[in-house]
Amino acid sequence: MSAADADDYLARFRRVLEFIDAHLEEELSVERLSRVAAFSKFHFHRQFSELFGVGVYEYVQLQRLKRASYQLAFREQHSIIEVALASGYEGPEAFARAFKRRVGQTPSGFRKQPRWEPWRTTYQRLSELRNHHMKPTHQADQVKVVVFPDTKVAALEHRGDPRRVGDSVRTFIAWRKQNGLPPRLSATFNILHDNPEEVAPEDYRFDICAATEREVKENPFGVVGKSIPGGRCAVLRHVGSDDTLGVSIRYLYAEWLPASGEELRDFPLFVQRVRFFPDVPEHEALTDVFLPLK
């Protein structure tokens, strides 16, 4: 098989993964998925499992339950029965059994207080799979140099184990709701002070922010007023899940920056969340990555 043939083969399977993301509420049979890839239905299941190390039915179930877990943890407007039906289950009982078997908690227990460490253990191999097979590719002309305006934000400063960021996100969502600042009215930013791969978990720093001109009064959520300083920034749009966000960040630092002749400004990398999973399919999430420049 030539390199071009191998690339085409992998691209056909990437289309399958994207199709699964976009159609989690529908029937996803081997026959239907094999048509997406233009492969024989008699061999598709084995091709899928040999390439990805997981069977297609298991992959579909894990992706459905991943979206369900995000809806349970971060989207309380969706009832458990709505989440169950959208995940392909006929009722909440079958959904609860499958969810507990995979995640280790009942859906109601996870909604009340997610235990993220066993959740991450369950989804580690899917994260690695997507990071390998769905990572973005970039070219220099995709990076734009813009002047970012001074932006006042309300910020929740997550400090400590990055595996606990989900708890901070839940707290910040509760503050936003109480203060009438949903993402559609207030841009969402994250300030990435540290690379979680390079610092001890207890030293990790990550700010969750919402743009607002309002004064941020003292509150029980721990949200404080801050600002993202204006100035020149290189910006690169990342398309896809956070599983592959590191690929886009590495491109900016390791490839674009050395070739650009630019120098970095004394402010951390930050991102703006434009389209969110689980509100859109995971491969359609949009995140703008900002690299502050002198």
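See the structure shown above.
Residues numbered from 1 in each chain as written. Predicted model: local features only at pLDDT ≥ 70, side-chain atom pairs only at ≥ 80, totals over all residues. Heavy atoms only, no water.

Novice: Teacher, can you tell me more about the packing of helix H4 (residues 56-74) against helix H9 (residues 165-179) here?
Specialist: In the contact formed by H4 and H9, the axes pass within 10 Å of each other and the chain directions differ by 45°. What the angle tells us is that H4 and H9 run oblique. Of H9, the residues touching H4 (which contributes Leu72, Ala73 and Phe74) are Gly166, Val169, Arg170 and Ile173. By residue class, the composition of the contact of H4 with H9 is five nonpolar, one polar and one charged. (Axes fitted to C-alpha atoms, helices over the stretch in contact; angles between N-to-C directions. Helix = DSSP H or I, 4+ residues; strand = E, 2+ residues; numbered from the N terminus. Parallel < 35°, antiparallel > 145°, perpendicular 65-115°, else oblique. Contact = heavy atoms within 4.5 Å. Nonpolar A, V, L, I, M, F, W, Y, C, P; charged D, E, K, R; others polar.)

Novice: Teacher, can you tell me more about the side chain of Gln47 here?
Specialist: Examined against the element boundaries, Gln47 turns out to sit in helix H3 (residues 41-52). Setting aside residues up to four positions removed in sequence, Gln47 forms contacts with Tyr9, Phe13, Phe39 and Ser40.

Novice: Would you mind going over the nonpolar core with me for this structure?
Specialist: Most often, soluble globular proteins keep nonpolar side chains buried together rather than apart. If you look at the biggest cluster of nonpolar residues, it comprises 39 residues, and the most contacted ones within it are Ile20, Leu33, Phe44, Phe48, Tyr59, Phe95 and Phe110. Elements represented by at least two residues in this core include exactly helix H1 (3-22), helix H2 (30-37), H3, H4, helix H5 (80-86), helix H6 (92-103) and helix H8 (116-133). In terms of residues, this core owes the most to one element, H4, which gives nine residues. Sequence-distant contacts of Phe110, defined by excluding residues within four places in its chain, comprise Ser69, Leu72, Ala73, Phe99, Val103, Gln105, Arg115, Trp116, Trp119 and Arg170. (Core = buried A, V, L, I, M, F, W, Y, C linked by side-chain atoms within 4.5 Å. Buried < 20%, exposed > 50% of the residue type's maximum accessible area, 1.4 Å probe, protein only.)

Novice: I would appreciate a short explanation of H6 in the present structure.
Specialist: In an α-helix, one turn spans 3.6 residues; hence positions three or four apart end up facing the same way. Its twelve residues give H6 an end-to-end C-alpha distance of 15 Å, which sits within 8% of 16 Å, the value for a rise of 1.5 Å per residue. Listed in full, the buried residues belonging to H6 are Phe95, Ala98, Phe99 and Val103. Along the axis of H6, the buried positions cluster into a sector of 105°, meaning they face one direction only. Among the exposed residues of H6, those pointing more than 90 degrees away from its buried face are Glu93, Arg97 and Arg101. Tucked into the core, H6 has its buried residues touching H4, H5, helix H7 (107-112) and H8. Taken from the residues just after H6, Gly104 is the one with a positive phi, measuring 90°. (Expected span 1.5 Å × (residues − 1). Arc of directions from axis to C-beta.)

Note that all results are geometric; they support no functional claim without further evidence.
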